[in-house]
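Residue-level listing of the chains:
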Amino acid sequence: MAVLPIRISGDPVLHTPASPVVAIDDELRALVADMFETMDAAPGVGLAGPQVGVPLRLFVFSYTEDTGDDEGEDTGSLREYRGVAINPELYISPTSVEPADPDTESEGCLSFPGERFPLVRGAAAILRATDLDGRPYEIEAEGWLARIFQHEFDHLDGLLYVDRIDPVYAKVARKIERKKGWGVPGLAWLPGVDELDA
């Protein structure tokens, strides 16, 4: 396994819709193993093929949530979601018309590292995809897991989360991009070597 360079905003692979995966073979399995290694090293909770320069419709994810009790109390009971979504479909609940809450709805992205901006997302999502054994599966997600799925799925359509944020925050993001010299092809960072916060 290897840690792969993560492309930074401006690289064409991040802004172009990805192609379907046509074969689950040893080459794809090696890529997925490297993507998990890269995501964990970053560290992140999701990573899509285009982010490592591979224009294919797949992403990996890893998220642990406290399942709580019926009243929402922390019970110390954890559920881990970790897997790969190959050729995913995503069904999303309608988004709120209220503005995003900067305290509870801010996202970051490994391809726009070190920054976070508020973004309204659907509160629930259904992910349908194929795993590395070629088996279809479905996950019903709420909260942050639903947000992760939406964020990674956007990458497969050539979108970064900063493409969706409120115009006021988008202006700030563009200024940061210019200041850091991003927004051009060929830029990447390597987790474990380039210490960037994402």
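K.L.:
What is the right way to read the overall build of the protein chain from this model?
P.N.:
The secondary structure content of the protein chain amounts to three helices and nine strands. Computed over its C-alpha atoms, the radius of gyration of the protein chain comes to 17 Å, within 12% of the 16 Å expected for a compact globule of 198 residues. For the protein chain, the spread of C-alpha atoms along the three principal axes comes to 50 × 45 × 30 Å. Counting over 198 residues, the protein chain shows a buried share of 43%. Taking the 17 positively charged and 36 negatively charged side chains of the protein chain as two groups, their mean positions are separated by 9 Å.

K.L.:
Looking at this structure, I do not really get the pattern of salt bridges. What am I missing?
P.N.:
Think of it this way: side chains of opposite charge can pair up when their charged atoms draw near. The tally for this structure, following the rule as stated, stands at 13 salt bridges. E107 is paired through a salt bridge with R121; the nearest N and O atoms lie 2.8 Å apart. Here E107 is found in strand 5 (residues 106-109), whereas its partner R121 is found in the loop between strand 6 (112-118) and strand 7 (124-130), with 14 residues between them in sequence. Where R128 meets E138, a salt bridge forms, and the shortest distance between an N and an O atom there is 2.6 Å. Here E138 lies in strand 8 (residues 136-142) and R128 lies in strand 7, a separation of 10 residues in the sequence. Within the structure, one salt-bridge network assembled from shared partners comprises E105, E107, R121, R147, D154 and R164.

K.L.:
What is the right way to read the environment of L56 from this model?
P.N.:
Residue position: L56 is located in the loop between strand 2 (46-48) and strand 3 (58-66). The class for L56 is partly exposed, based on a relative accessible area of 25%. In contact with L56, not counting residues within four places along its chain, are A18, S19, P20, V21, G49, P50 and L156.

K.L.:
Explain helix 2 (residues 143-156) to me, please; I cannot follow it from the model alone.
P.N.:
The periodicity of an α-helix, 3.6 residues per turn, causes residues three or four places apart in sequence to face the same way. The terminal C-alpha atoms of helix 2 lie 21 Å apart, and with 14 residues this matches the ideal 20 Å at 1.5 Å per residue to within 8%. Taking burial as the measure, the 14 residues of helix 2 include 12 buried ones, the bulk of the element. Regarding helix 2, the residues found buried are L145, A146, R147, I148, F149, Q150, H151, E152, F153, D154, H155 and L156. Looking at the residues trailing helix 2, positive phi occurs at G158, about 80 degrees.

K.L.:
I tried to follow the packing of aromatic side chains on my own but got confused; where do I start?
P.N.:
Each aromatic ring pair is summarised here by two numbers: the centre-to-centre distance and the angle between the ring planes. Under the definition given, this model contains six aromatic pairs. Ring geometry for F59 against F149: centres 6.2 Å apart, planes inclined by 45 degrees, an arrangement best described as tilted. Highlighted residues: F59 in strand 3 and F149 in helix 2, separated in sequence by 90 residues. By the burial criterion, F59 is buried, and F149 matches it. What links up through ring pairs into an aromatic cluster is the set F59, F61 and F149. For the cation-ring pair, R57 lies above F153, with the distance from its terminal atom to the ring centre recorded as 5.4 Å.

K.L.:
Would you explain the sheet that holds strand 4 (residues 78-92) in this entry?
P.N.:
Hydrogen bonding along the main chain pairs the strands of a sheet, whether they run parallel or antiparallel. Taken in spatial order, the five strands line up as 2-3-4-7-8 in an open sheet, and their pairing is antiparallel. Edge positions in the open sheet fall to strand 2 and strand 8, since each of these has one partner strand only. This sheet shows a mean twist of 35 degrees between the axes of neighbouring strands, independent of strand direction. Relative to strand 7, strand 4 runs antiparallel, the two sharing five bridges. Paired with Y91 across the bridge in strand 7 is I126. Across the face of the sheet, helix 1 (residues 26-41) comes into contact with strand 2, strand 3 and strand 4 while running at roughly 45 degrees to strand 3. Sheet contacts for helix 2: strand 2, strand 3, strand 4, strand 7 and strand 8; angle to strand 3, the most-contacted strand, approximately 170 degrees.

K.L.:
Please clarify how unusual backbone geometry should be interpreted in this entry.
P.N.:
Glycine aside, the phi torsion of most residues is negative, and most peptide linkages are trans. The omega angle of the peptide bond from A42 to P43 is -15 degrees, so this bond is cis rather than trans. Summarising the element assignment, P43 is placed in the loop between helix 1 and strand 2. Positive phi values are uncommon outside glycine, yet N87 reaches one of about 50 degrees. The exposure class of N87 is partly exposed, given its relative accessible area of 30%.

What counts as what
- Residues numbered from 1 in each chain as written.
- Predicted model: local features only at pLDDT ≥ 70, side-chain atom pairs only at ≥ 80, totals over all residues.
- Heavy atoms only, no water.
- Helix = DSSP H or I, 4+ residues; strand = E, 2+ residues; numbered from the N terminus.
- Rg over C-alpha atoms; globule rule 2.2 N^0.38 Å.
- Buried < 20%, exposed > 50% of the residue type's maximum accessible area, 1.4 Å probe, protein only.
- Lys, Arg positive; Asp, Glu negative; His and termini not counted.
- Charge placed at Lys NZ, Arg CZ, Asp CG, Glu CD.
- Salt bridge = Lys/Arg side-chain N within 4 Å of Asp/Glu carboxyl O.
- Contact = heavy atoms within 4.5 Å.
- Expected span 1.5 Å × (residues − 1).
- Phe/Tyr/Trp six-rings, centres within 6.5 Å; stacked < 30°, edge-to-face > 60°.
- Lys NZ or Arg CZ within 6 Å of the ring centre and 35° of its normal.
- Pairing = 2+ DSSP bridges.
- Axes fitted to C-alpha atoms, helices over the stretch in contact; angles between N-to-C directions.

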